[in-house]
Amino acid sequence: MELPKKILLLGSGELGKEFVISSKRLGCYVIACDNYPDAPAQQVADEREVFDMLDATALKNVVAKHNPDLIVPEIESIRTEVLLDFESEGIQVVPSAKAVNYTMNRDRIRDLVAEELLIRTAKYGYAESEKECLEVARSIAYPLVMKPVMSSSGKGQSLVKSEENLKGAWDYARSGMRGDRERVILEEYINFEYEITLLTIRQKAGPTLFCSPIVHRQERGDYQESWQPAEMNEARLKESQDIAEKVTTQLGGAGLFGVEFFITKDEVIFSELSPRPHDTGMVTLVSQNLSEFDLHIRSILGLPIPEIVINKPSASHVVLAEKEGRSPTYIGVEAALSIPGVDVRIFGKKTSRLNRRMAVCLATADTVNQAREKVAKAAKLIRLTYE
Ligand SMILES: Nc1ncnc2c1ncn2[C@@H]1O[C@H](COP(=O)(O)OP(=O)(O)OP(=O)(O)O)[C@@H](O)[C@H]1O
Ligand SMILES: [Mg+2]
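The shown structure was predicted, so the numbers you read here are calculated from the model rather than taken from an experiment. (Residues numbered from 1 in each chain as written. Chains lettered and ligands numbered in written order. Predicted model: local features only at pLDDT ≥ 70, side-chain atom pairs only at ≥ 80, totals over all residues. Heavy atoms only, no water.)

Colleague: Describe the domain arrangement of the chain, naming the residues involved and giving the relevant values.
Modeller: Annotation of the chain at the domain level lists domain 1 (6–93), domain 2 (123–188), domain 3 (190–311) and domain 4 (314–387). Here domain 1 and domain 4 have C-alpha centroids that lie 27 Å from each other. Opposite the 7 residues of domain 1 that make contact, domain 4 presents 8 residues. As a salt-bridge pair, Arg345 and Glu18 come within 3.5 Å of each other at their nearest N and O atoms. Remark: the boundary between domain 1 and domain 4 carries 7 residue pairs in polar contact (both at pLDDT 80 or more). Counted by class, the side of domain 1 that touches domain 4 contains 2 nonpolar, 1 polar and 4 charged residues. (Domains from an automatic or database assignment. Contact = heavy atoms within 4.5 Å. Salt bridge = Lys/Arg side-chain N within 4 Å of Asp/Glu carboxyl O. Polar contact = N/O pair within 3.5 Å; in protein donor to acceptor, adjacent residues only side chain to side chain. Nonpolar A, V, L, I, M, F, W, Y, C, P; charged D, E, K, R; others polar.)

Colleague: How would you sum up the coordination of the magnesium ion (ligand 2)? Please name residues and give values.
Modeller: Ligation of the magnesium ion (ligand 2) by protein atoms is provided by Glu260 (OE), Glu260 (OE) and Glu272 (OE), these donors lying 2.0 to 2.6 Å from the ion. Taken together, the positions of Glu260 in strand 14 (residues 255–263) and Glu272 in strand 15 (residues 268–274) put the pair 12 residues apart, joining distant regions of the chain. The class of Glu260 is buried, set by a relative accessible area of 9%. Taking relative accessible area as the criterion, Glu272 reaches 29% and is therefore assigned partly exposed. (Donors = N, O, S within 2.8 Å, 3.2 Å for Na, K, Ca; no water. Helix = DSSP H or I, 4+ residues; strand = E, 2+ residues; numbered from the N terminus. Buried < 20%, exposed > 50% of the residue type's maximum accessible area, 1.4 Å probe, protein only.)

Colleague: Go over the sheet that holds strand 7 (residues 144–148) with me, naming the residues and quoting the values.
Modeller: Strand pairing in a sheet is mediated by backbone hydrogen bonds. Such pairs are either parallel or antiparallel. The antiparallel open sheet is built from 4 strands, whose spatial order is 6-9-7-8. At either margin of the open sheet sits one strand with a lone partner, and together these are strand 6 (124–127) and strand 8 (158–160). Put simply, the sheet's adjacent strands are angled 30° from each other on average, direction ignored. Note: strand 7 against strand 8, 3 bridges, orientation antiparallel. (Pairing = 2+ DSSP bridges. Axes fitted to C-alpha atoms, helices over the stretch in contact; angles between N-to-C directions.)

Set out below in structure tokens:
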């Protein structure tokens, strides 16, 4: 294999930005795409393209213009069908066009996992109208979770406690939907002890590898803090690894996946999967010898990954915007960085809206609890201000 390779990155958020940095360290040439200019990954890439990635013609034109060796999706809103064409033309789609197509919406991957692979998930059903919601909800029982099949970061997601809340949840889901399909998934509410992301790496040559599980806490369906390592029973861990390997083998290709599980008193329940670095995995920027972004680029290029080790117990905590605004500036970063072991990543987003993720605090410590305390304190110290 010869380096450097030319990478077309589809989606240029904070995860894309770290991926570009890891790729640049291996000398790759990166063109970062998004539908708005100056997105985080574009600020560190070699070139940028601003266009609607759901537009097949626009996407084909950009691919023809740059002729990349690899196409690396960072988001779900892409005209994914055309990725199959690119793959058959010999461009490496990461991790594979099949994986990206199956995980673009919640329904396809869920049906594959639950119905074809017979893996335990929350009981679920789909609905395309308020009336169908009512029928499906009756077959699942309350409380339940409603999510648009096309959405991420908790958008349009709500907990439905009883039938009276169903209409409100349907209207809310419709408002948070991406794309043109008015379809929701209704899921049994799982009262888990904790939830994890198991970063799973499929290699071109070599066995599937796993990072130590990352535990995380979510609010409004969106990640708030994550930490590593987890105190997880060996049998549970093995069970989650087996499931992750089974699902990612079906999806094929090479790259890092974020496989999410709910861990209850007696069960390991598959939740969902991202065929790319995961937001809760930002903790690996400080916890491991190779971050999830380093692992992604190494695995997609077919480079060796002889070991993945945790250097120290670590945690991450998001910094969210409190309101809508333009050109934010950050105060309190000095105070946050004066805490030993703390580091900060400011994503460089030019606009904010309520609860938009703008930065992340990272920390290492002697114990996970100490690391969590440090990042919580650091995140609280950072404030956004506007002109
Ligand atoms: N069936 C469920 N029972 C209990 N909690 C749930 C259920 N489904 C989702 N949640 C909670 O909501 C969070 C977000 O849900 P999910 O991962 O399905 O959506 P998402 O919008 O794709 O999130 P992200 O893109 O940030 O991973 C989960 O991590 C979990 O905390
Ligand atoms: Mg999730």
